[in-house]
Amino acid sequence: MTRNELHNYVDESKGSESNICQICAVRNGEVVYNDNWRGFKTDSAMNVNSVTKGVMALLAGIAVDKGLIKGTDQKVMDFFPDYTVKRGEKTIYDVTIEHLLTMTAPYKYRSEPWTKVCTSQDWTKAALDLLGGKSGITGEFKYATLGIQILAGIIENASGMKCIDFANRYLFAPLDIPEHKIHGDSSKEDQFDFLMNKNPRGNEWYSDPQDTVTAGLGLTLAAYDMAKIGDMLINNGVYHDKYIISKEWIGQMTSPKLQLDEKFGNMQYGYLWYRPHKDKPVFAAIGDCGNIIYADPEKRISVGITGTFKPRIFDRVEFIEKIVIPIIDRL
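Let us look at the structure shown here. (Residues numbered from 1 in each chain as written. Predicted model: local features only at pLDDT ≥ 70, side-chain atom pairs only at ≥ 80, totals over all residues. Heavy atoms only, no water.)

### Some thoughts on empty space enclosed by the protein
Turning to step 1, where the next piece is worked out: According to the stated counting rule, one finds two cavities of 30 Å³ or more in the structure shown.
Turning to step 2, where the next piece is worked out: Considered as a void within the structure, the largest cavity measures approximately 40 Å³ in volume.
Turning to step 3, where the next piece is worked out: What lines the largest cavity is W123, T145, L146, Q149, T214, A215, G216 and L217.
Turning to step 4, where the next piece is worked out: Considering only residue class, the lining of the largest cavity consists of four nonpolar, four polar and no charged.
Turning to step 5, where the next piece is worked out: Considered as a void within the structure, the second largest cavity measures approximately 30 Å³ in volume.
Turning to step 6, where the next piece is worked out: Lining of the second largest cavity is provided by M46, N47, N49, F194, L195, N197, G307, T308 and F309.
Turning to step 7, where the next piece is worked out: Secondary structure elements with two or more residues in the lining of the second largest cavity: β3 (46-47) and α8 (188-196). (1 Å grid on protein atoms, 1.4 Å probe; cavity = no way out; pocket = protein on both sides within 12 Å on 5 of 7 lines; lining within 4 Å. Points joined across faces, edges and corners; volume = space filled by probe spheres on them. Nonpolar A, V, L, I, M, F, W, Y, C, P; charged D, E, K, R; others polar. Helix = DSSP H or I, 4+ residues; strand = E, 2+ residues; numbered from the N terminus.)

### Considerations on the pattern of salt bridges
Turning to step 1, where the next piece is worked out: Considering all chains together, one arrives at nine salt bridges under this definition.
Turning to step 2, where the next piece is worked out: When the shortest N-O distance is used, the salt bridge between D176 and K242 registers 3.6 Å. With D176 in the loop between α7 (163-172) and β4 (181-182) and K242 in strand β8 (residues 242-243), this residue pair connects regions lying 66 residues apart in the sequence.
Turning to step 3, where the next piece is worked out: Relative accessible area serves as the criterion here: at 30%, K242 is assigned to the partly exposed category.
Turning to step 4, where the next piece is worked out: Put simply, R201 and D193 hold a salt bridge, and the shortest N to O gap is 3.9 Å.
Turning to step 5, where the next piece is worked out: The buried category is assigned to R201, whose relative accessible area is 16%.
Turning to step 6, where the next piece is worked out: By sharing partners, the salt bridges in this structure join D193, R201 and E204 into a single network. (Salt bridge = Lys/Arg side-chain N within 4 Å of Asp/Glu carboxyl O. Buried < 20%, exposed > 50% of the residue type's maximum accessible area, 1.4 Å probe, protein only.)

### Re the environment of N157
Turning to step 1, where the next piece is worked out: Looking at the element boundaries, N157 is found in helix α6 (residues 149-159).
Turning to step 2, where the next piece is worked out: Sequence spacing of N157 and G184 is 27 residues, and the spatial spacing of their C-alpha atoms is 21 Å.
Turning to step 3, where the next piece is worked out: Leaving out residues up to four positions away in the same chain, N157 has contacts with F79 and F80.
Turning to step 4, where the next piece is worked out: Here the side chain of N157 touches F79 through a polar contact of 2.8 Å, landing on its backbone oxygen. (Contact = heavy atoms within 4.5 Å. Polar contact = N/O pair within 3.5 Å; in protein donor to acceptor, adjacent residues only side chain to side chain.)

### Focus on the pairing of strand β13 (residues 292-296)
Turning to step 1, where the next piece is worked out: Where burial is concerned, most of β13 is hidden: five out of the five residues are buried.
Turning to step 2, where the next piece is worked out: By the bridge criterion, four bridges tie strand β12 (residues 283-286) to β13 in an arrangement that is antiparallel. Across the sheet, the residue bridging to I286 is I292, located in β13.
Turning to step 3, where the next piece is worked out: Counted along the chain from β12 to the antiparallel partner β13, the turn is five residues long, and its residue C289 has a positive phi close to 70°.
Turning to step 4, where the next piece is worked out: Where β13 lies against strand β14 (residues 301-307), five bridges are found, and the strand directions are antiparallel. Bridged to I293 within β14 is G304.
Turning to step 5, where the next piece is worked out: Linkage of β13 to β14, two consecutive antiparallel strands, is achieved through a turn of four residues, within which R300 is found at a positive phi near 60°. (Pairing = 2+ DSSP bridges.)

### Concerning the packing of aromatic side chains
Turning to step 1, where the next piece is worked out: For the coordinates displayed, the defined rule picks out 13 aromatic pairs.
Turning to step 2, where the next piece is worked out: Between W249 and Y271 the ring centres are 5.4 Å apart and the planes differ by 40°, which places this aromatic pair in the tilted class. Of the two residues, W249 is situated in helix α10 (residues 247-254) and Y271 in the loop between β10 (268-269) and β11 (274-275); the sequence distance between them amounts to 22 residues. For the pair shown, W249 and Y271 are each scored as buried.
Turning to step 3, where the next piece is worked out: Arranged with centres 6.0 Å apart and planes meeting at 80°, the rings of F264 and F314 form a pair that is edge-to-face. On the criterion of sequence distance, the pair formed by F264 in the loop between β9 (258-259) and β10 and F314 in the loop between β14 and α11 (317-329) is long-range, its members being 50 residues apart.
Turning to step 4, where the next piece is worked out: F264 gets classed as buried once you look at its relative accessible area, which sits at 10%.
Turning to step 5, where the next piece is worked out: Here the aromatic cluster, defined as three or more aromatic residues joined through ring pairs, consists of F141, Y143, F264, Y269, Y274 and F314.
Turning to step 6, where the next piece is worked out: The side chain of K142 reaches across the aromatic face of Y109, ending 4.6 Å from its centre. (Phe/Tyr/Trp six-rings, centres within 6.5 Å; stacked < 30°, edge-to-face > 60°. Lys NZ or Arg CZ within 6 Å of the ring centre and 35° of its normal.)

These figures come from the coordinates and say nothing about function on their own.
The structure is reproduced here in structure tokens:
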């Protein structure tokens, strides 16, 4: 498939590729492929859903590098001295940052209580109220978008900065990613619109009434910015001679910690980043609707893809490897 054929294929797709807005690929620091669809431009941003989690892992790493967090074995409750633990709850005291990053933290629910958390005045506190339980820490993988909200609170309390300011200063600005603003409104109607609206968005991050960003989803990025993030990670945390995050954290973050099941593509899991293959060093931050940061350290290629809301699209790894990468290889 040629570049033009790929453009037409996405443009005319009625299937899984019909919601793609942008594809951008960077190789060795240079943009080698960039295309847009459905009214989007290169600098248009889109809610990248759970790719947000991958960005939160980077912010946690920066906080560790700066000594604001001692390490991933530090207890979550160290960062919330004013939080009142519910009577009889003991497990919460044993939960570490490692448990949050690997999705092995225990929670007191069978399914995520979206309404309870997302209508609260403080989403971090509401998430803390769910943490723990009588079963203790089992090490079982439990995907928890709401639980990752606790990580935003940890970064804020560790740094003394709002999470969005921390991200702007230490991640976005060094990567020449536009400054992001909090979204502001968090009404039920607005939450629905933020998820479903298929128009380009500004550079923003969804937030709760405390102006704390939503850590599990709700960050907007352009595919170009996503590809830059991947390229920086491939380059051991350096972007245009600017040091952003340590090589040690990147290795820790992207090394396999858990084997996932068929629901998650039988991939391996690191710190909120996926490892699609056991025999290749590829890693990815993956969000619903096909949003993805894909990074291949061997080929030194990073790909960012954004997509509007479309159910039942988990990842675009196969699409990238079978269609996008061969085009890049011929360039």
